[in-house]
Amino acid sequence: QDYHSYAEAEKAGALMLRQDVRLLDNIVSVGVQGFLKLIAQELVQPSKIDHVLCHFSSKYFKSKIFDMLETAGVSIPEHKWYTNLYERGNTGCASIFIMLDEFIKTYELKAGETIFCMVPESGRFNCAYMHLTVAG
């Protein structure tokens, strides 16, 4: 989409068939910076988040996320975080849907509780966010 032709994209290296894993630490920064932007825009208040569902492809990235949030002064206690990575593995683009389904089946949620979802996408280095409120 960013190039006028296939040849132009190939020449620019946009059609590499493997991921440069040396760049993966950058996706953590992209995700956290986006979260900080939501806070600055007053769209999210970390103290009012009851549950966090964040897709990360390995345990390695979880500690990086926690460290960056702590450095920024917006850490969310670990007991509020949910992941199914260790049981399901990295399920790619389906991860947040699988995680959300398992979470709502596993936890007894109360009306008004909030769930914040963060879904980094390392192919194009962007991140999607959902801020959900449990209905009665």
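Above this text you will find the structure in question.
Fair warning: this is a prediction, and the values are worked out from it, not measured in the lab. (Residues numbered from 1 in each chain as written. Predicted model: local features only at pLDDT ≥ 70, side-chain atom pairs only at ≥ 80, totals over all residues. Heavy atoms only, no water.)

Visitor: What is the right way to look at the side chain of E113 in this model?
Guide: Turning to its location among the elements, E113 is positioned in the loop between α5 (95-106) and β3 (114-121). With residues near it in sequence (within four places) discarded, E113 still touches D50, H51, E108, L132, T133 and V134. (Helix = DSSP H or I, 4+ residues; strand = E, 2+ residues; numbered from the N terminus. Contact = heavy atoms within 4.5 Å.)

Visitor: Looking at this structure, I do not really get the sheet that holds strand β1 (residues 51-54). What am I missing?
Guide: Strand pairing in a sheet is mediated by backbone hydrogen bonds. Such pairs are either parallel or antiparallel. Strand order in the open sheet made by the four strands is β2-β1-β3-β4, with mixed pairing throughout. This sheet does not close on itself; its edge strands, each paired only once, are β2 (81-82) and β4 (126-133). Here β1 pairs with β2 via two bridges, running parallel. Bridge pairing in β2 places L53 opposite Y82. Each of β1, β2, β3 and β4 touches α5; the most contacted strand, β1, lies at about 150° to it. (Pairing = 2+ DSSP bridges. Axes fitted to C-alpha atoms, helices over the stretch in contact; angles between N-to-C directions.)

Visitor: Looking at this structure, I do not really get α5. What am I missing?
Guide: Count 3.6 residues to each turn of an α-helix, and residues three or four apart come out pointing the same way. The terminal C-alpha atoms of α5 lie 16 Å apart, and with 12 residues this matches the ideal 16 Å at 1.5 Å per residue to within 8%. Listing the buried residues of α5 in full gives S95, I96, M99, L100, E102 and F103. In this structure, the buried side of α5 is in contact with β1, β2, α4 (85-88), β3 and β4. (Expected span 1.5 Å × (residues − 1). Buried < 20%, exposed > 50% of the residue type's maximum accessible area, 1.4 Å probe, protein only.)

Visitor: Mind showing me how you'd approach the packing of aromatic side chains here?
Guide: For any pair of aromatic rings, the description rests on two quantities: the centre-to-centre distance and the angle between the ring planes. Per the stated rule, a full pass over the model turns up six aromatic pairs. Relative to W81, the ring of F66 has its centre 4.6 Å away and its plane inclined at 45°; by these criteria the two rings are tilted. Highlighted residues: F66 in helix α3 (residues 59-72) and W81 in strand β2, separated in sequence by 15 residues. With respect to burial, F66 and W81 carry one shared label: buried. Feature note: the residues F35, F116 and Y129 constitute an aromatic cluster, connected by ring pairs. (Phe/Tyr/Trp six-rings, centres within 6.5 Å; stacked < 30°, edge-to-face > 60°.)

Visitor: Hey, could you run me through empty space enclosed by the protein in this one?
Guide: The gaps of empty space that remain are located by a probe, the size of a water molecule, rolled over the atoms. According to the stated counting rule, one finds two cavities of 30 Å³ or more in the structure shown. Taken as a whole, the largest cavity spans an internal volume of roughly 60 Å³. Taken together, V32, F35, V52, C54, I65, L69, I76, W81, F116 and M118 make up the full set of residues lining the largest cavity. Listed by contribution, the elements that provide at least two residues to the lining of the largest cavity are α2 (25-40), β1, α3 and β3. Looking at the lining of the largest cavity residue by residue, the class counts come to 10 nonpolar, no polar and no charged. Computed from the structure, the second largest cavity encloses a volume of approximately 50 Å³. Residue lining of the second largest cavity: C54, H55, F56, T83, N84, L85, G89, N90, T91, S95 and M99, and that is the complete set. In terms of residue class, the lining of the second largest cavity is built from four nonpolar, seven polar and no charged. (1 Å grid on protein atoms, 1.4 Å probe; cavity = no way out; pocket = protein on both sides within 12 Å on 5 of 7 lines; lining within 4 Å. Points joined across faces, edges and corners; volume = space filled by probe spheres on them. Nonpolar A, V, L, I, M, F, W, Y, C, P; charged D, E, K, R; others polar.)

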